[in-house]
Structures are given as C-alpha cells and as structure tokens.
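# Observations on the model geometry
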Amino acid sequence: MKSLGITVLGSGSRGNSILLHSADEGILIDAGFSRKEIIARMLKSNVSPEIIKAILISHEHGDHISGAKLLADNFGIPTYGTSETLKHLHVYEKLGRDVRIFESGSVFNVGSFEIRPFSVPHDAADPVGFVVTCQRVKVGIATDMGHLSALCLKRLSGCDALIIESNHDVEMQKNSERAMHLKRRVLGKHGHLNNDDAMSALPHLISRNTRFLCLSHLSSECNSQELVRKLAENKLAELNRPDILLSIADQLIPLPTVWMNPSEPELCVF
Ligand SMILES: [Zn+2]
Ligand SMILES: [Zn+2]
C-alpha cells in the first residue's frame, strides 16, 4: 500500500506552499515563494520538482503565487485556478503558459489526486480552499479565510489531515502598531482566521479518522508558534484527542513530511 506525503513547505504572510505527494507524483497547493526557494525547499524535503503534476492556486495574493509562473514554465507544470483568479493573474502577467480552469464546487482529478475546491470568505477575486483525496487519505486545506463559513465547516470536517489557518491573536492584532486599515482588513469577516475561531472550530472539524492537524499562516507580528501550539494542545486534550499529530507551520523552513497510509494507523514523520 502506498502512502501520501504531506509537506508544508512554508506558510505565513511572506509565502505559502504545500506539497502533497506520493513517490512518483505530486501537486503543489500555492507557490508563494520564489521558484528558487520552492525548489530548494522541495529538495530539502527529498522531493524532486520533476514529479509535480499541477500547481493549484487558492487565490491571487502575492504570498500564494510569487513563484508560480517561473516554476510552472521551468518544469512544464500546468497551473490550475478558478477563472476569476486566473483572469486576475493573467492581467498582471503572473501565469505560466499552461493554464487550466476549475470551478469551486466541482471535483476534478490530477493523476491519482481527486480535488474538490470550495469557496472561502477572503478578500480576493474568487478564493478557494481544497479537499484533496489520494491513496484513500483525505486532506483539507484552507489557509486564508476571515471566518469559517458553513460551507468551510462542511467541506473541512471529517478529513484525515487538516491544514487550516490560525492567523493572529485578536488582542495582539488590535494593540499592534499596524495601520488601522490593515487591522480592519485582517480582523474582518473576509480577512484572516484568528486563533480563537480556529480553536473553536476544531470540535466541529475533527472526527474519529483525523490523525494530523497543522495550523498555518501565522502572523509574524501578532501571533507566535508557542501560543498557537499551547492553545491547540489544550483544545486537543479537551477533546480527548492527544493522539492527533499537531504541527505548527513555519514561514522559514519546511515541516518534516508526514506520511499517511489508511491501513497503518501510525504516521511516519521525517
Ligand atoms: Zn490572501
Ligand atoms: Zn495568504
């Protein structure tokens, strides 16, 4: 039985990219670092860029697309997005040559990956999260969302692995030196998910089969890995689920790859 590898190459307001891969094929969710940086992080994670079959773009913000064009053209990888997102990127000449459209709500396949994009509340043209199923492992990913809509809760619940945003501490955000319009944007319903909302959602999202939780897109100014880890550990203990592997995504370095195999309850991490 093959396993699915999940490698968070990096996450935060200065770049986001998540790799889902088996031994011979992979997809990249967002390409928010330079081409050189993404390649370096992939190689550091022992994954060859040659196996990438698709770059899926969640939305057009720079921290999700900055390396997409060069990476796509360098390796002949198709770039997938909603028509609104792609239209926006096309205007700014940020798209590679091979472009493919998906619709949120419609399932499509890339190799052995089954992908279901869904709309998320964020201030972009047509932002989406993804539920990806491969090797009978279901991974839910939503890194930029102002709140967890009913649709987000529905799509993200029951996943074997969950990668969601835990962007900021509300008080730290309010008391920060940031410009008022930025604070309003981040705190708004179409901004970024705060720690409290992320933790309150966990009882609704986690199910019996959930084995891996990664909290991501942490604000460098208004949050800390230690705080998010503590909150999440407390919540998982409260839910009587200390067995779930907890990771906090890092901006600067890739997380160790988590290998999931439905027939083996133990996760391999390296
Ligand atoms: Zn964004
Ligand atoms: Zn972002």
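Here, every reference points to the structure presented above.
Residues numbered from 1 in each chain as written. Chains lettered and ligands numbered in written order. Predicted model: local features only at pLDDT ≥ 70, side-chain atom pairs only at ≥ 80, totals over all residues.

Looking now at the environment of Lys87. Of note, Lys87 is situated in helix 4 (residues 83–91). Residue class for Lys87 comes out partly exposed when judged on the 15 C-beta atoms lying within 10 Å of it. Through-space distance from the C-alpha of Lys87 to that of Glu226 is 39 Å; in sequence the pair is 139 residues apart. (Helix = DSSP H or I, 4+ residues; strand = E, 2+ residues; numbered from the N terminus. Buried ≥ 20, exposed ≤ 12 C-beta atoms within 10 Å, placed from the backbone.)

Another point: the pairing of strand 11 (residues 161–165). Burial runs high along strand 11: 5 of the 5 residues are buried. Of the two faces of strand 11, both are covered, the one formed by Ala161, Ile163 and Glu165 as well as the one formed by Leu162 and Ile164. The β-α-β motif built from strand 10 (residues 137–142), the intervening helix 5 (residues 150–156) and the parallel element strand 11 has right-handed crossover chirality. Two elements, strand 11 and strand 12 (residues 212–216), share 5 bridges in a ladder whose sense is parallel. The residue of strand 12 that forms the bridge with Glu165 is Ser216. (Right-handed = clockwise from strand over helix to strand, strands pointing away. Pairing = 2+ DSSP bridges.)

Moving on: the sheet that holds strand 8 (residues 113–119). Remark on secondary structure: sheet strands pair via backbone hydrogen bonds, oriented parallel or antiparallel. Taken in spatial order, the 7 strands of this open sheet run 7-8-9-10-11-12-13, and their pairing is mixed. Both edges of this open sheet fall to strand 7 (108–110) and strand 13 (245–248), since each of them pairs with a single strand only. Within the sheet, the average angular offset between the axes of one strand and its neighbour, ignoring direction, is 20°. For strand 8 and strand 9 (residues 128–134), the ladder comprises 6 bridges, and the chain directions are antiparallel. Paired with Ile115 across the bridge in strand 9 is Val132. The strands that helix 9 (residues 225–238) touches are strand 12 and strand 13; relative to strand 13, the one it contacts most, it runs at about 160°. (Axes fitted to C-alpha atoms, helices over the stretch in contact; angles between N-to-C directions. Contact = placed C-beta atoms within 7 Å.)

The next subject is helix 1 (residues 35–44). All of the buried residues in helix 1 are Ile38, Arg41 and Met42. Taken around the axis of helix 1, the buried residues stretch over an arc of 100°, which confines them to a single face. For helix 1, the exposed residues set more than 90 degrees away from the buried face come down to Lys36, Leu43 and Lys44. Turning to helix 1, the residues buried within the fold contact strand 1 (4–10), strand 2 (17–21) and helix 3 (68–75). Trailing helix 1 by a residue or two, Asn46 shows a phi angle of about 60°, which is positive. (Arc of directions from axis to C-beta.)

Moving on, we get to unusual backbone geometry. A positive phi is found at His217, a non-glycine position, where the angle reads about 50°. Topologically, His217 is positioned in the loop between strand 12 and helix 9. Accessibility expressed as a C-beta count within 10 Å gives 26 for His217, which makes it buried. Of note, the phi angle at Asn240 is positive, near 60°, even though the residue is not glycine. Relative to the helices and strands, Asn240 is located in the loop between helix 9 and strand 13.

With that settled, the discussion passes to helix 8 (residues 195–205). Among the residues making up helix 8, those that are buried are Asn195, Ala198, Ala201, Leu202 and Leu205. The buried residues of helix 8 occupy an angular sector of 125° when projected down its axis, which confines them to one face. Set apart from the buried face of helix 8 by more than 90 degrees, the exposed residues are Ser200, Pro203 and His204. The elements touched by buried residues of helix 8 are helix 5, strand 11, strand 12 and helix 9.

Looking now at the environment of Leu236. Its location among the elements puts Leu236 in helix 9. With 124 residues separating them along the chain, Leu236 and Ser112 place their C-alpha atoms 32 Å apart. Not counting residues within four places of it along the chain, the set of residues in contact with Leu236 comprises Arg241, Pro242, Ile244 and Leu246.

For strand 4 (residues 52–56), the buried fraction is high: 4 of the 5 residues fall into the buried class. Note that strand 3 (residues 26–29) and strand 4 share 4 bridges and pair parallel. Within strand 4, the position partnered with Gly26 by the bridge is Ile52. Regarding the hand of the β-α-β motif, the stretch spanning strand 3, helix 1 and strand 4 is right-handed. As defined by bridge partners, strand 4 adjoins strand 5 (residues 79–81) across 2 bridges and the pair is classed as parallel. Following the sheet pairing, Leu56 is matched in strand 5 by Tyr80.

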